[in-house]
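Fold and contact review
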Amino acid sequence: MALEKRYSPEISEPELAKFWQEQRIYRFNPDSPAPVYSIDSPPATVSGNLHLGHVYSYSHPDFMARYFRMHGYQVFYPMGFDDNGLPTERLVEKRLGIKASQVERQEFIRCCLEISEEAEKEYRALWQHLGLSIDWTLTYRTIDANCRRLSQASFIDLVLKKLAYRRQAPTLWCPLCRTAIAQADLEDNQRETEFVTLPFKSPNGVILPIATTRPELLAACVAVFVHPDDLRYQSWIGTIVEVPFYGQQVPVMTDSAVDPSKGSGAVMCCTFGDQADVSWWLTYNLPFIQAIDQDGRMTPACGDLQGLTTIEARKAIKEKLKDKKLILERQPASQSIRVHERCDTPVETIITMQWFIRALDFREQLIEAGERIAWHPESMRARYRSWVENLSWDWCISRQRFYGVSFPVWYCDTCGEVMLADIDQLPVDPIVVTPPRTCTCGSDRFIPETDVMDTWATSSLTPQIITRWLADDSFFQRYFPMTVRPQAHEIIRTWAFYTILKSMHHFDKLPWSDILISGWGIAGEGMGKISKSRGSGGPMPPLEMIQRYSADAVRYWAASTSAGKDSIISEEKIQSGSRLVTKLWNVARFAQPFIHTDLRSEAYNSLKLTPADQWIIARTRLVIQHATESYENYEYAAAKNEIENYFWRDVCDNYIEMAKQRMYNPASAAHLAACATLQAVILAVIKLFAPILPYITERIYQALYRSPADPLSIHLCRWPESDDFGWANIGSSAEINGEMLVAIATAVRRFKSERNLSLGTELLRLQLAESDSGRINFLRQAEEDLTSICRTRQIIISAQLDPALIQLTDEPPIVAVEMMPFESNPM
């Protein structure tokens, strides 16, 4: 198969993607005795359009999958879609322009299923265009029957182990989404606000000034706290003060969590303004006054503020306080607030009935589990540890939404007892299915649970879903735990943490041995992370970028930054990848006439190699060694850089130019050696590039190397090894000596460049000054190599330079050249 003059990725890439699928190149074979490399791939959250940030992070595990596949591993590489919860609901609400509460429940669920299925087809098309080597026969959806069954079985197991519980408790609440959320669903945003200092009065009229940013919560003030060592307030401790405007009497108490330098140093405790309020309320058994309802509006307890949003209420109460001359001071301030990461809505804390999974009691075990996992990069271990150490809540897993995995639970209408479904009922929707038995109290009347589970409650089970827990015990026992979890750094606190928590609770095992952390794709300076759910702007869509530059070029950009690091989405970097693809193609076209696939490695030892041949083989061996070490440490960017530098500098700029005369001259005694060396080197090059540039390397392999006896695809070939080259007699000096030839060629190029001469300008003579007999012998052996790369008619090796010639460098061997009186055409 001849290589066309111009490579057309828009034609080749779809053809090769189809070939890989039809030939089942990436199909996992569980019957193979080969070692298994298993990937717990991130199931893409169905919440909007995929962007180049996804391309960036999803490419990284594919680099590793392709590397280990070429190392002889059976690669277990499924893909899922996370389509069972709030993110998908929000997408459907946005697409349809409605709220879930405005539509009949079953109709809304139908819309969610329909829209998510369409989105998943688009996701899959992108992943296939990108060249991800996924086994698509192993695809799952977190809303499918098996995933719902597993998620419900996990919940039942945790309830029976008393690791899941239901209680009415302070809950993080998103007023916009109208649901409880977990601590991990929070993000910090900065906003401009102001401290308003208000007069809290003692019974005898003495003022205790308190500064607050949330005066709308005055109606829910149940105590005032000061630091126990704050000398300003020692006389106030244990007294009663009156809350401004509302007039309730509250105690002045002490707690070391109070920051004496913040505001006036005295703070009001309201139910609830923040986590400190919750902690004090629980610790000191304080009263509860609900100021904010589930819609984020003020309750009747707030009097005239009832029905206002918190923002409206804050403005209104300030006016009322001003009118009554109850504001002592107003001071602008910048404040960090907690928002729901899905919608940027400031969260509130209200008391609701929710289901929780225990986490706080297991901090030490969870930290120790994190220490036993290999983190790539290692620095990400600290993020996980910090998250666990700073947990403030158990994991709230219930959501007050329509679409998701149902809780397999009913509540007795008579005594309130929790009734769990039987395992053989799962998956079950308690709204449409009745309990399997009557209650222990004898009642047969039940209230179904209408909440659904947090989507993380299911996606935290991806290792178990993939390895067929509860469906195929033999398969599960063989493949769980898995090898690696690839994921982004911002969800260490959610997906990584929850998966480790579930795995420890269920099996007392780690879910995988390694975790590969990706950074974000950043949409230009100052733009931050791109988000598919929020529709933030950025570069062109991924498919358009792939169609413009090729999937290989986009993957090249994705491989240019190390694990864990953010990467600016750079069209210039993608263009560099496109240039590399073009160069690979052109080098392959140049090499095609000189490649003889019937010349196998066993015949290589009979060939007479020149110093250039020996040098490039030594360099290739070293690059293979370094690239292998990098991949084994998940340092794909370092591997790519090593391989690319070797390809451009050593192969293209130097070796091919050194060997070109011999390749074009069949009469040369070293002609076949040059051809055989080039053949071996180009094969090593495309194998080394194959994990990152799968399309162009496959196309070259199919055209130049594959015979009926060879593997069907380059991606099934063995990863190159240092002893692949048959020349056992190449010593350790070959690389050092070869660099001498490169130095000479570089000096000659510099000479021509300084005189504005083309590199193809032919020289009359090249003089090398050298007195060491061993080096002289080496240079004489390399005359044909130097003649080719330097474009010279004659090489003179002597102990001293002819003073009539121009000295180029004082580094041995000293090089001098004499120009011909004319320029010939480049060879």
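Parameters and conventions
- Residues numbered from 1 in each chain as written.
- Predicted model: local features only at pLDDT ≥ 70, side-chain atom pairs only at ≥ 80, totals over all residues.
- Heavy atoms only, no water.
- Helix = DSSP H or I, 4+ residues; strand = E, 2+ residues; numbered from the N terminus.
- Buried < 20%, exposed > 50% of the residue type's maximum accessible area, 1.4 Å probe, protein only.
- Contact = heavy atoms within 4.5 Å.
- Areas by Shrake-Rupley, 256 points an atom, 1.4 Å probe, with all protein chains shown as cover.
- Lys, Arg positive; Asp, Glu negative; His and termini not counted.
- Charge placed at Lys NZ, Arg CZ, Asp CG, Glu CD.
- Axes fitted to C-alpha atoms, helices over the stretch in contact; angles between N-to-C directions.
- Parallel < 35°, antiparallel > 145°, perpendicular 65-115°, else oblique.
- Left-handed = near helix turned anticlockwise from the far one by under 90°.
- Nonpolar A, V, L, I, M, F, W, Y, C, P; charged D, E, K, R; others polar.
- Phe/Tyr/Trp six-rings, centres within 6.5 Å; stacked < 30°, edge-to-face > 60°.
- Lys NZ or Arg CZ within 6 Å of the ring centre and 35° of its normal.
- 1 Å grid on protein atoms, 1.4 Å probe; cavity = no way out; pocket = protein on both sides within 12 Å on 5 of 7 lines; lining within 4 Å.
- Points joined across faces, edges and corners; volume = space filled by probe spheres on them.
- Salt bridge = Lys/Arg side-chain N within 4 Å of Asp/Glu carboxyl O.
- Pairing = 2+ DSSP bridges.
- Patch = residues over 30% accessible without salt bridge, like charges linked within 9 Å, V, L, I, M, F, W, Y side chains within 5 Å.

1. Here's the deal with the overall build of the protein
On a plain count of helices and strands, the protein comes out with 23 helices and 30 strands. Along the three orthogonal principal directions, the C-alpha set of the protein runs to about 110 × 65 × 45 Å. Looking at the protein as a whole, 57% of its 827 residues qualify as buried. In the protein, the proportion of contacts linking residues at least 24 apart, taken out of those at least 6 apart, comes to 77%. Total accessible area on the protein is roughly 34000 Å²; 49% of this is exposed by carbon and sulfur atoms. The positive charge centre, built from 86 side chains, and the negative charge centre, built from 102, are 2 Å apart in the protein.

2. Some remarks on the packing of helix α16 (residues 571-591) against helix α19 (residues 671-689)
Closest axis-to-axis distance for the α16/α19 pair is 11 Å, and the angle between their directions is 155°. In terms of orientation, α16 lies roughly antiparallel with respect to α19. Here α16 and α19 pass one another in a crossing that is left-handed. Here L580, L584, V587, F590 and A591 of α16 lie close against α19, whose contacting residues are L678, I682, V685 and F689.

3. Structural notes on the packing of helix α5 (residues 145-160) against helix α13 (residues 492-507)
Angle between the axes and distance between the axes are the two parameters that describe a pair of packed helices. Following both chains from N to C, one finds α5 and α13 inclined at 60°, their axes separated by 10 Å at the closest point. One element, α5, and the other, α13, form an angle in the oblique class. The two elements α5 and α13 meet at a crossing, and its hand is left-handed. Where α5 abuts α13, its residues S154, D157 and L158 lie against K502, H505 and H506. Grouping the amino acids of the contact of α5 with α13 by side-chain chemistry returns one nonpolar, three polar and two charged.

4. A closer look at the packing of aromatic side chains
Applying the stated rule across the entire model yields 42 aromatic pairs. Between the aromatic rings of F68 and Y73, the centroid separation amounts to 5.2 Å while the plane-to-plane angle is 85°, which identifies the pairing as edge-to-face. Given a relative accessible area of 7%, F68 falls into the buried group. Cluster of aromatic residues (ring-pair linked, three or more members): Y37, Y67, F68, Y73, Y631 and W719. Just above the ring of Y411 sits the side chain of R166; from NZ or CZ to the centre is 4.0 Å. Over the ring of W495 we find R485, and its NZ or CZ is 3.2 Å from the ring centre.

5. Looking at empty space enclosed by the protein
A complete count under the given rule lists five cavities of 30 Å³ or more for this structure. The computed volume of the largest cavity comes to approximately 110 Å³. What lines the largest cavity is a set of 16 residues, and nearest its centre among them are L86, P87, R399, D454 and T455. If you list the elements that add at least two residues to the lining of the largest cavity, you get α3 (86-96), β22 (452-453) and α10 (455-459). Residues that form the lining of the largest cavity fall into these classes: seven nonpolar, three polar and six charged. Looking at the second largest cavity, its volume works out to about 50 Å³.

6. As for the pattern of salt bridges
The tally for this structure, following the rule as stated, stands at 47 salt bridges. With a closest N to O distance of 2.9 Å, R110 and E114 form a salt bridge. Highlighted residues: R110 and E114, both in helix α4 (residues 105-130), separated by four residues, approximately one helical turn. Assessed through its relative accessible area of 46%, E114 is described here as partly exposed. Where E644 meets K640, a salt bridge forms, and the shortest distance between an N and an O atom there is 3.6 Å. In this pair, E644 and K640 both sit in helix α18 (residues 636-664), four residues apart, roughly one turn of the helix. In this structure K640 comes out as buried when scored by relative accessible area, which is 3%. Put simply, R619, R649, D650, E735 and E739 are held in one network by salt bridges that share partners.

7. Examining the sheet that holds strand β24 (residues 512-518)
With respect to topology, three strands assemble into an open sheet ordered β16-β24-β23, the strand pairing being parallel. Whereas interior strands pair on both sides, the edge strands pair on one side only; in this sheet they are β16 (374-376) and β23 (482-488). Sheet twist, expressed as the average angle between the axes of neighbouring strands with direction ignored, equals 20°. Examined bridge by bridge, β23 and β24 share six bridges and lie parallel to one another. For V484, the partnering residue across the bridge sits in β24 and is D514. In the packing of helix α2 (residues 52-70) onto the sheet, the strands contacted are β23 and β24, and the crossing angle to β24 comes to about 140°.

8. What to know about a nonpolar patch on the surface
A cluster of nonpolar side chains, contributed by I431, V432 and V433, occupies part of the molecular surface with about 230 Å² of accessible area. Positionally, V433 belongs in the loop between β20 (418-420) and β21 (446-448). Looking at V433, the relative accessible area reads 31%, which means it is partly exposed.

9. Considering the sheet that holds strand β15 (residues 348-357)
Strand order in the open sheet formed by four strands is β7-β6-β15-β17, and the pairing between neighbours is antiparallel. A strand with exactly one partner marks an edge of an open sheet, and here the two such strands are β7 (179-180) and β17 (395-396). Looking at chain direction, β15 and β17 are connected through two bridges and run antiparallel. Residue pairing across strands places I357 opposite W395, the latter belonging to β17.

10. A few points about α13
Extensive coverage of α13 is indicated by the burial of 14 of its 16 residues. Taken from the residues just after α13, D508 is the one with a positive phi, measuring 55°.

11. A closer look at the pairing of strand β6 (residues 164-174)
In terms of burial, β6 is largely enclosed, as eight of its 11 residues are buried. Taken together, the 10 bridges between β6 and β15 define a ladder with antiparallel strand orientation. Residue pairing across strands places A164 opposite I357, the latter belonging to β15. Direction of pairing for β6 relative to β7: antiparallel, over a ladder of two bridges. Following the sheet pairing, C174 is matched in β7 by T179. Taking the residues that link successive antiparallel strands as the turn, the β6-β7 hairpin has four residues, and the phi of R178 there is positive, at about 55°.

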